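Observations on the model geometry
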Amino acid sequence: NETIMTNLALIRKILKDADLVAENIPVGSKSKTPCGLLYLRGVTNESLVAEVRRRLKRIDVEYIFSSADIEMLIEDSTFLPMPHILKTERPDRAASMLAEGKVVVIVQGSPFVLILPTTAADLVEASEDNYVRVPEANFMKAVRLFGIFLSLFLPASFVAVALYHHEVF
């Protein structure tokens with residue numbers, strides 16, 4: 001039920017910029033699923049846009065059903081568990097990422113849009129951070145980073161102390 005035009009209209013309603021470019025690229029040899037490639041002319045790196053366009057046109061499958069299919073087919077390597085492409089259902093997040101120079105891919109029939117490329121800072125940022133004061137947003141990011149640090153090192157430290165350094169207890 002999710003159409004490209006509806007999602008594009010939601011993004012255009014938030015990001016009122018004449019330089020917002022939306023290209024239609026059909027993907028899938030039989031399905032010809034419409035995909036929208038969005039970027040801001042003059043803000044987004046042209047080589048990034050060309051690379052995403054090339055990867056979308058290079059997809060050689062018969063049917064595309066969702067943005068997850070596109071994500072799996074355009075990413076380089078799936079060896080690392082860290083995502084290379086950010087997914088969101090929120091048009092405000094997509095618009096803010098476009099303003100930062102990212103590329104957005106909308107797929108017909110999918111509520112999720114793909115934002116690429118993704119950095120580690122994008123993964124720590126929550127979409128609600130745009131609606132609070134900057135010091136508060138930075139504090140929440142620091143708390144998230146501290147939580148990531150604790151979840152990575154606290155269990156390993158406990159195992160190391162429990163198995164090898166009994167006298168600490």
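So, a few notes on the structure that sits alongside this text.

Conventions we followed
- Residues numbered from 1 in each chain as written.
- Predicted model: local features only at pLDDT ≥ 70, side-chain atom pairs only at ≥ 80, totals over all residues.
- Heavy atoms only, no water.
- Helix = DSSP H or I, 4+ residues; strand = E, 2+ residues; numbered from the N terminus.
- Buried < 20%, exposed > 50% of the residue type's maximum accessible area, 1.4 Å probe, protein only.
- Lys, Arg positive; Asp, Glu negative; His and termini not counted.
- Salt bridge = Lys/Arg side-chain N within 4 Å of Asp/Glu carboxyl O.
- Contact = heavy atoms within 4.5 Å.
- Pairing = 2+ DSSP bridges.
- Axes fitted to C-alpha atoms, helices over the stretch in contact; angles between N-to-C directions.
- Expected span 1.5 Å × (residues − 1).
- Arc of directions from axis to C-beta.

The next subject is the environment of His-165. You can see His-165 is positioned in the segment after helix H6 (134-164). Residues His-165 and Leu-114, spaced 51 residues apart in sequence, show a C-alpha to C-alpha distance of 47 Å.

Here Glu-75 is to be found in the loop between helix H3 (67-74) and strand S3 (86-88). The side chain of Glu-75 sits in the buried core without any salt bridge; Lys-87 is the nearest counter-charge, 7.5 Å away. With sequence-adjacent residues up to four places away left out, Glu-75 is seen in contact with Arg-55, His-84 and Ile-85.

This next bit is on helix H4 (residues 91-99). In terms of residue burial, H4 counts as a mostly covered element, since 7 of its 9 residues are buried. Restricting attention to buried positions, one finds in H4 the residues Asp-92, Arg-93, Ala-94, Ala-95, Ser-96, Met-97 and Leu-98. Gly-101 sits one or two residues past H4 and shows a positive phi near 100°.

Bringing the sheet that holds strand S4 (residues 103-107) into the picture now. Ordered by their spatial adjacency, 5 strands build an open sheet running S1-S2-S4-S5-S3, and the pairing between neighbours is antiparallel. One side of each edge strand has no neighbouring strand; the edge strands of this open sheet are strand S1 (20-27) and S3. Each strand of the sheet is rotated relative to its neighbour by a mean of 25°, with strand direction disregarded. Its contacts with the sheet put H3 on S1, strand S2 (33-40), S3, S4 and strand S5 (113-116), and the angle it makes with S5 is roughly 30°.

Leaving glycine aside, a negative phi is the common case for residues, and trans is the common case for peptide bonds. Pro-117 follows Leu-116 through a cis peptide bond whose omega is -5°. Mapped onto the elements of the fold, Pro-117 is located in the loop between S5 and helix H5 (120-124). Of note in this structure, Lys-32 is not a glycine but carries a positive phi near 50°. By secondary structure assignment, the location of Lys-32 is in the loop between S1 and S2.

On to helix H2 (residues 46-58). When the terminal C-alpha atoms of H2 are compared, their 18 Å separation across 13 residues agrees well with the 18 Å that a helix rising 1.5 Å per residue should span. Turning to H2, its buried residues are Val-49, Val-52, Arg-55 and Leu-56. Around the axis of H2, the buried residues are gathered within 130° of arc, so they sit on the same side. In this structure, the buried residues of H2 make contact with S1, S2, H3, S4 and S5.

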